[in-house]
Amino acid sequence: MDLSKIRGFNVHGDWGGHGITEWLNFDSERYKMMISKAKERFPGMNTARIWLSFDAYLADRTKYLENIKKAVTILTEAGLKIIPVYYNGWFGMPCYGSFTAENILSHQLPIYVRCTKETTLAIKDADILMYDISNEPLNNVYGNIDAFNRVVNFLELMINTVREIDSKPITIGTQGYPAPHTPELCDIDRLMPLVDIFSLHPYNNFDLSREDFEKQFKEVIDYVEAFNKPYLITECVWGAPTAEGRKKYLEIELETYSKYKVGFLCHALFTCPVADLFPVEEIDCSEGLYMAFLDREFNIRPYHDIFNKL
């Protein structure tokens, strides 16, 4: 699998900021239109990473499963490969729907297993590139070994549930910390044995210079390559309140990934109510992040056309 050719985005519909509102209010015709507009704006786009929702599953299991099946069908018909994300360990504002070590206790696990099983059955016939079991699942457990192990055990259980149904590759989206430099984090070492493909989120969130960012990125991929597993980037390009402020991240990150021939999915495609994907003035937060590549009228935001040049 040549993952270096992957070019795509994290994708949300533009009508909901939480998994419940996104999936239970799913609008097939609007979604088709949005994907068509995106393909026009970014002809090289070949992959979509979509965020599923355990909360929506609990709220209306039947409707949720019907709607995620509609979504992956639309994406497949548009010629896109799909990376569905089952669970989420990142908390934004608003919170899309996330889990912590406290809500994956043993008596709750059968519900998660059922959700994972029924979700996989609903989407497996689409053009799935890989199954992403969780977005950044270790975010809230670093430094707590009991919580850390509980989350890893949960991930392993969900992975085994998917593998009982489908043989497509498994991944987990995570920041990517090499153990020698960050022994208290070491997500690469802990998650690598669980996955077939390693997914990195190497944001330049410390505002490094081009030289320093490239050095750091090279250290990470050298470390990852020692495990002899394929890898790609499933989130990237740090945000800023304005397109002008984001320009440096667009250039430094995407040009570095292209230089090292690593496939990438940017965060994120559409302006929508999901955290960090709408203009910061809408929440009166001048220091917030606006990370969408297309505005509300589906025009490419200034400087974001760099995607088409790499």
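Below: a short report on this structure. Predicted model only: the values in this text are computed from it and were never measured. Residue indices follow the written sequence of each chain, beginning from 1 at its first position. pLDDT decides what is reported in this predicted model: residues at 70 or higher carry local features, side-chain atom pairs at 80 or more are listed and counted, and totals for whole chains, interfaces and linings draw on all residues regardless. Side-chain metrics in this entry use all non-hydrogen atoms of the structure; hydrogen atoms and water are not considered.

### Things to note about the packing of helix α8 (residues 210-225) against helix α9 (residues 243-259)
Move 1: Contact pair α8 / α9: the axes reach a minimum separation of 10 Å and the direction vectors enclose 45°. Judged by the angle between their axes, α8 and α9 are oblique. The interaxial crossing formed by α8 with α9 has right-handed handedness. Facing Arg210, Phe213, Glu214 and Phe217 of α8, the residues of α9 in contact are Glu251, Ile252, Glu253, Glu255, Thr256, Tyr257 and Lys259.
Move 2: Taken together, the residues that form the contact of α8 with α9 break down as four nonpolar, one polar and six charged. Fitted lines through C-alpha atoms serve as axes, helices being fitted only where they are in contact, and the angles separating the N-to-C directions of these axes extend from 0 to 180 degrees. Segments assigned H or I by DSSP are reported as helices when at least four residues long, segments assigned E as strands when at least two residues long, and all are numbered from the N terminus. In these notes the angle categories are as follows: under 35 degrees is roughly parallel, over 145 is roughly antiparallel, 65 to 115 is roughly perpendicular, and the rest is oblique. Working rule for handedness: look at the near helix, and if it is turned counterclockwise from the far one by less than a right angle, call the crossing left-handed; if clockwise, right-handed. Residue contacts are counted whenever heavy atoms from the two residues lie within 4.5 Å of one another. As a working rule, the residues Ala, Val, Leu, Ile, Met, Phe, Trp, Tyr, Cys and Pro are called nonpolar, Asp, Glu, Lys and Arg charged, and the rest polar, with Gly in that last group.

### Observations regarding the environment of isoleucine 50
Move 1: For isoleucine 50, the location among the structural elements is in strand β2 (residues 47-51).
Move 2: For the pair isoleucine 50 and histidine 12, spaced 38 residues apart in the sequence, the C-alpha separation amounts to 6.6 Å.
Move 3: When near neighbours in sequence (up to four residues on either side) are disregarded, isoleucine 50 contacts Val11, Trp23, Tyr31, Val72, Leu75, Ile82, Ile83, Pro84 and Val85.

### Quick word on the pattern of salt bridges
Move 1: Just to be clear on terms, a salt bridge is a Lys or Arg side-chain nitrogen sitting within 4 Å of an Asp or Glu carboxyl oxygen. Under the counting rule described, the total for this entry stands at 16 salt bridges.
Move 2: Close ionic contact of aspartate 132 with arginine 49 constitutes a salt bridge, the shortest N to O distance being 2.9 Å. Here aspartate 132, found in strand β4 (residues 131-135), pairs with arginine 49, found in strand β2; they are 83 residues apart in sequence, far enough to count as distant.
Move 3: Between glutamate 118 and arginine 61 there is a salt bridge, with its nearest N and O atoms 2.6 Å apart. Of this pair, glutamate 118 sits in helix α5 (residues 109-123) while arginine 61 sits in helix α4 (residues 61-77), placing them 57 residues apart in sequence.
Move 4: Linked by salt bridges that have partners in common, Arg49, Asp132 and Glu235 make up one network.

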